[in-house]
Each structure stands twice: as C-alpha cells, then as structure tokens.
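Descriptive analysis of the structure
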Amino acid sequence: MAEGVKPRVKVPKTASAGETITIKTLISHQMESGQRKDDDGNTIPRSIINRFVVDFNGENVIDVKMEPAISTNPFFEFEATVPETGDFKFTWYDDDGSVYEETQTVTVG
Amino acid sequence: MELNRRKMLVLGTAGAAVTAFGALPAFASATEDAIAKFTGGADVGEGGVELTAPEIAENGNTVPIEVSAPGAVAISVFADGNPTPAVATFKFGPLAASQFAATRIRLAGTQDVIAVAEMQDGSFKKASANIKVTIGGCGG
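As a starting point, this report considers the structure included with it.

Cut-offs applied
Every residue gets a number counted from 1 within its own chain, in the order that chain's sequence is written. To read the labels, note that chains go from A and ligands from 1, taken in the order they are written. The predicted origin of the model limits local features to residues at a pLDDT of at least 70 and limits the giving and counting of side-chain atom pairs to 80 or more, whereas totals for whole chains, interfaces and linings rest on all residues. No hydrogens and no water enter the side-chain calculation; it runs on all heavy atoms of the structure. Numbering of helices and strands runs from the N terminus, with a helix taken as a DSSP run of H or I at least four residues long and a strand as a DSSP run of E at least two residues long. Per-residue accessibility, obtained with a 1.4 Å probe over protein chains only, is compared with the maximum for each type, and a residue is labelled buried under 20%, exposed over 50%, and partly exposed between these values. In what follows, residue pairs with any heavy atoms lying within 4.5 Å of each other are defined as contacts. Under the convention used here, a 1.4 Å probe and the Shrake-Rupley method define accessible areas, while residue burial counts only the protein chains that appear. Strands were regarded as paired on the criterion that DSSP finds at least two bridges between them. The axes used here are C-alpha line fits, helices contributing only the stretch in contact, and every angle between their N-to-C directions lies in the interval 0 to 180 degrees. To pair, rings of Phe, Tyr and Trp, with the six-membered ring standing in for Trp, must have centres within 6.5 Å; the planes then decide the type, stacked if under 30 degrees apart, edge-to-face if over 60, and tilted in the middle. For a Lys NZ or an Arg CZ to count as sitting over a ring, it must be within 6 Å of the ring centre and within 35 degrees of the ring normal. A quick way to say it: buried area is the sum, across both parts, of accessible area lost when two parts are put together, with a 1.4 Å probe. Think of a salt bridge as a Lys or Arg side-chain nitrogen and an Asp or Glu carboxyl oxygen that are within 4 Å of each other. Here a polar contact means two N or O atoms within 3.5 Å. Within protein one must be a hydrogen donor candidate and the other an acceptor candidate, and residues neighboring in sequence count only if both atoms are side-chain atoms. In these notes, a set of buried Ala, Val, Leu, Ile, Met, Phe, Trp, Tyr and Cys residues joined through side-chain atoms within 4.5 Å is what counts as a nonpolar core.

1. Some thoughts on the overall build of chain B
Within chain B, the secondary structure is distributed over two helices and nine strands. Ordering the α and β elements of chain B from the N terminus gives α-α-β-β-β-β-β-β-β-β-β. Counting all 140 residues of chain B, 39% fall into the buried class. For chain B, the share of sequence-separated contacts (at least 6 apart) that also reach a separation of at least 24 residues comes to 64%. Within the structure as shown, chain B displays about 7,600 Å² of accessible surface, and the carbon and sulfur contribution to it stands at 56%.

Written out as structure tokens, the structure is:
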C-alpha cells in the first residue's frame, strides 16, 4: 500500500554531554484517514502510520500514538537529552505491518 | 385557541420528541468519551499545559500545533469536531529533555482542539484552543 516511504530526520552531529537537542523528523506517507471516498463513492480504506518511537542507546525519548487526524507526511519536533555518544533510533510502525527505521549517531565531544 | 383532543395529542408528541432529543448525548460527547478513556474518568484541571495553535488555519489538512506540559508523563490531543476525536498521544521517556512536541494535524472544520496532560502525580490537566478552519481536511 504505502510506496515511496522515506524517513527524514534532522539531528545535530555533535553535542556536549547532557545537552538538550531539538530533533525534527518527517516521513513521507500518504496517511489515508479512512474518511475519504474515491470517484465511485467507495470509502478508501485507512492506511496510516500508527506509532512512532524514538530511543537513544535503548532508552526511550518519546513514544507517539498516532490517529488518522495526523497530517500526510507526519512531522514531529521534540527535544532530547544526550548523556553520551550514541545512536538515536527512530521507528515508525505502519498499519500494514511495515516498520520503517532510521538511525542517527550523535558524538559527544 | 380551543384545545381539543387532537391538538393535545400533537402537542404531547412534540413535547415528548423534544425531551427525547434533550436526553440524547450532546454532539461533543465522543470527545468526552475519548478524554475519559485517556484519563480513566479522573477529574481534569486547568493550567500547566500549553497548546499553541494558529487562530485561523487556511487549510485543515495540515494545521501546525505544539503542546508543552512541564512535568507531564504523557500528553494526548483531541479535536472535538473531527469524525474521530483522538489525534495523537505523546509519551515522554527518561531522555526527553522537555515535555514538548510539535506536529501537524488534520481538522475537519472550525472547532476546539484540546490537549490533556497526565502529570507525574497522576493528575490530569487540560488546555484548549479554538481553531477556525477555512477548508476542511477530511476530504468531505
């Protein structure tokens, strides 16, 4: 169902220990709400990303439960603490069972 | 006016109909149900939560909103004029630097958007904002 899904994340490459960083994420996805009808009047079935999770070195940063009211190409902005060098892992869960992942490394110098 | 039996019947029926409609749940109750599901029926206080949203959104397909509630463990957002009121629930983990999140949502029309935050002590706080939508975002 969902073709061309492309996750994009914006994370600073370096940070100082304990620094607060702002992370922006966007994933291209049509987020079909299940409310629209096609030209023949048939309801287009719902197909959305229903969950978005961000972890840093295995510790949770944010866990978002998404409903059809989230716009096409879901965008999220939030703030995270970076205690040490490590990886931010972003995971999106699709209604159709697909899982999209993206990893970004932040170096504490 | 002479009140004969027929007129009395008509009046009575009309009265009963009005009463029946009054007893029906109000239109916003789907939102209240959704909020009650999130809070578990607990009382929801005011203050402590900030919901930033535009006063007028030209396009209901992407309305930028921001929620912030210092000390919250989770924030849930509801749109009371949408076919399904739930919008999103943000849960903050140990590495969240602040209880802040921004996203873009769909709104079917002019309506109130409500943010409900669950605080660390288990209490609930809410904030709401009225957003005027020029073009609805649910594909009418």
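Once the structure has been displayed, the description carries forward.
2. What about the sheet that holds strand β4 (residues 63-68) of chain B?
Taking strand neighbours across the sheet as the criterion, the six strands line up as β1(A)-β3(A)-β6(A)-β7(B)-β4(B)-β2(B) in an open arrangement whose pairing is antiparallel. The outermost strands of the open sheet, each flanked by one partner alone, are β1 (7-10) of chain A together with β2 (50-52) of chain B. Put simply, the sheet's adjacent strands are angled 20° from each other on average, direction ignored. Looking at chain direction, β2 of chain B and β4 of chain B are connected through three bridges and run antiparallel. For Thr52 of chain B, the partnering residue across the bridge sits in β4 of chain B and is Glu66 of chain B.

3. Looking at the packing of aromatic side chains
Under the defined criterion, the tally for this structure stands at nine aromatic pairs over all chains. The interplanar angle of 50° and the centroid separation of 4.6 Å between the aromatic rings of Phe56 of chain A and Phe88 of chain A together place this pair among those described as tilted. Linking Phe56 of chain A in strand β4 (residues 49-56) with Phe88 of chain A in strand β7 (residues 86-94), this pair joins segments that are 32 residues apart in sequence. For the pair formed by Phe56 of chain A and Phe88 of chain A, the shared burial category is buried. Joined through ring pairs, the aromatic side chains of Phe52, Phe56, Phe76, Phe78, Phe88, Phe90 and Trp92 of chain A together with Phe90 of chain B make up one cluster. The lysine or arginine in question, Arg104 of chain B, covers the ring of Phe75 of chain A, its NZ or CZ lying 4.3 Å from the ring centre.

4. Quick word on the environment of Ala30 of chain B
With respect to the element layout, Ala30 of chain B can be found in helix α2 (residues 29-39). As a C-alpha pair, Ala30 of chain B and Pro85 of chain B span 55 residues in sequence and 6.9 Å in three-dimensional space.

5. Some points on the environment of Asn42 of chain A
With respect to the helices and strands, the residue Asn42 of chain A is situated in the loop between β3 (19-27) and β4. Those residues in contact with Asn42 of chain A that lie beyond four places of it in its chain are Arg36 and Lys37 of chain A.

6. Examining the interface of chain B and chain A
Each side of the interface is counted separately: chain B has 28 residues, and chain A has 30 residues. The junction of chain B with chain A conceals about 2,400 Å² of combined surface from both sides, 53% of it contributed by carbon and sulfur atoms. Contact with chain A buries surface across chain B, with Leu95, Arg104 and Arg106 of chain B losing the most and accounting together for 31% of the total. At the junction of chain B with chain A, the criterion picks out zero salt bridges. Linking chain B to chain A there are 18 residue pairs in polar contact (both at pLDDT 80 or more). Secondary-structure elements contributing two or more residues to the side of chain B that touches chain A are β6 (86-92) and β7 (96-105) of chain B. No other element matches the nine residues that β7 of chain B contributes to the side of chain B that touches chain A. Pairing geometry for strand β5 (residues 59-66) of chain A and β6 of chain B, over five bridges, is antiparallel. Each residue of the ladder has a partner; that of Val64 of chain A, found in β6 of chain B, is Phe90 of chain B.

7. Things to note about the nonpolar core
Core analysis: the largest hydrophobic core is formed by 56 residues, its most contacted members being Phe52, Val61, Ile62, Phe78, Phe88 and Phe90 of chain A together with Phe90 of chain B. Apart from residues lying up to four places away in sequence, Phe90 of chain B is in contact with Ile62, Asp63, Val64 and Phe76 of chain A together with Val67, Val73, Ala74, Ile75, Val77, Ala101 and Thr103 of chain B. Counting residues in each nonpolar core, the second largest holds eight residues, with Ala34, Phe78, Val116 and Phe124 of chain B among its members.

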